[in-house]
Amino acid sequence: MKSCLLPIPATVLLLCFFWVLPIRCCNKALCASDVSKCLIQELCQCRPTDGNCSCCKECMLCLGTLWDECCDCVGMCNPRNYSDTPPTSKSTVEELQEPIPSLFRALTEGETQLNWNIVTFPVVEELSHHENLVSFLETVNQPQQQNISALVSQSQEQENMCTVVYFDDCMSIYQCKASCESMGATKYRWFHNACCECVGPECIDYGSKTVQCTNCMV
């Protein structure tokens, strides 16, 4: 009987070697899958810091849109100082084209045993940073300034509340958008540590800027 065990390729050993060291200073949640794929294909094995950039272009093409965030994971660029600019301080936001407010409200009413966390806070917390920003802009459009101030005042009077949903686990930006669409959200915020926040219909801006994904806080 032939053995079904295959010899361990050198690429796997290289993966273990090059992955363990850089991973300490890179975004594991965002980069793990793509970096592993590129290393297994032996597309990112050269070292620019040693003067060898023979694979740089191939590695960049393999990582694609994740190059900026993940090049330090494969030793192709200098490690980022995440203590200065942590991934949780940056996020990508987008409005969803066909929200279903009634669905979102129904899914976020009361307690839930699903893998997400429902957070509600006053809308004025969303708008306050806009008002502060406007006061520092000398060339701001006057009608826009009045409109923002009016929204803040209206929200204070009506005590409107903004409801958002944080998924417990990390996910890609594409999964985040799809998940928020499936629950009828109006917008989503995807933090660069891979935490996903779905924003409800009562929210004026893009929800909270605080990461609150139970299993995705790094």
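Computed from a predicted model, the values in this text were never measured in an experiment. (Residues numbered from 1 in each chain as written. Predicted model: local features only at pLDDT ≥ 70, side-chain atom pairs only at ≥ 80, totals over all residues. Heavy atoms only, no water.)

A. Region of interest: the pattern of salt bridges. Scanning the entire structure with this criterion turns up four salt bridges. The residue Glu-94 makes a salt bridge to Lys-177 at a minimum N-O spacing of 3.1 Å. Residue Glu-94 is located in strand 1 (residues 91-95), and its partner Lys-177 is located in helix 8 (residues 173-182); the two are separated by 83 residues in the primary sequence. In this structure, Glu-202 engages Arg-105 in a salt bridge whose closest nitrogen and oxygen atoms are separated by 2.6 Å. Taken together, the residues span a long stretch of sequence, with Glu-202 in the segment after strand 5 (196-199) and Arg-105 in helix 5 (residues 101-107) at a distance of 97 residues. (Salt bridge = Lys/Arg side-chain N within 4 Å of Asp/Glu carboxyl O. Helix = DSSP H or I, 4+ residues; strand = E, 2+ residues; numbered from the N terminus.)

B. Spatial organisation of the side chain of Thr-163. Its place among the elements puts Thr-163 in strand 3 (residues 161-167). Reaching out from Thr-163, the side chain makes a polar contact with the side chain of Thr-120 at a distance of 3.2 Å. (Polar contact = N/O pair within 3.5 Å; in protein donor to acceptor, adjacent residues only side chain to side chain.)

C. Molecular detail of helix 3 (residues 56-63). Of all the residues in helix 3, the buried ones are Cys-56, Cys-59, Cys-62 and Leu-63. End-on, the buried residues of helix 3 take up no more than an arc of 130 degrees, which puts them together on one face. Exposed residues on helix 3 whose side chains face more than 90 degrees from its buried face are Lys-57 and Leu-61. Check the buried side of helix 3 and you find it contacts helix 2 (28-40) and helix 4 (67-70). Remark: Gly-64 follows helix 3 within two positions and exhibits a positive phi of approximately 60 degrees. (Buried < 20%, exposed > 50% of the residue type's maximum accessible area, 1.4 Å probe, protein only. Arc of directions from axis to C-beta. Contact = heavy atoms within 4.5 Å.)

D. Molecular detail of the sheet that holds strand 4 (residues 187-191). The strand order across the open sheet formed by five strands is 1-4-5-3-2, and the pairing between neighbours is antiparallel. Edge positions in the sheet fall to strand 1 and strand 2 (116-122), since each of these pairs with one other strand and no more. Sheet twist, expressed as the average angle between the axes of neighbouring strands with direction ignored, equals 20 degrees. Strand direction decides the pairing type here: strand 1 and strand 4, joined by five bridges, are antiparallel. Note that in strand 4 the partner of Val-93 across the bridge is Arg-189. (Pairing = 2+ DSSP bridges. Axes fitted to C-alpha atoms, helices over the stretch in contact; angles between N-to-C directions.)

E. Looking closely at the pairing of strand 5. Residues Cys-196 and Cys-198 line one face of strand 5 and the alternating positions Glu-197 and Val-199 line the opposite face, and both faces are buried. In the sheet, strand 4 pairs with strand 5 via four bridges, with the strands oriented antiparallel. Across the sheet, residue Lys-187 finds its bridge partner in strand 5, namely Val-199. Between the antiparallel neighbours strand 4 and strand 5 lie four residues, among them Ala-194 with a positive phi of about 85 degrees.

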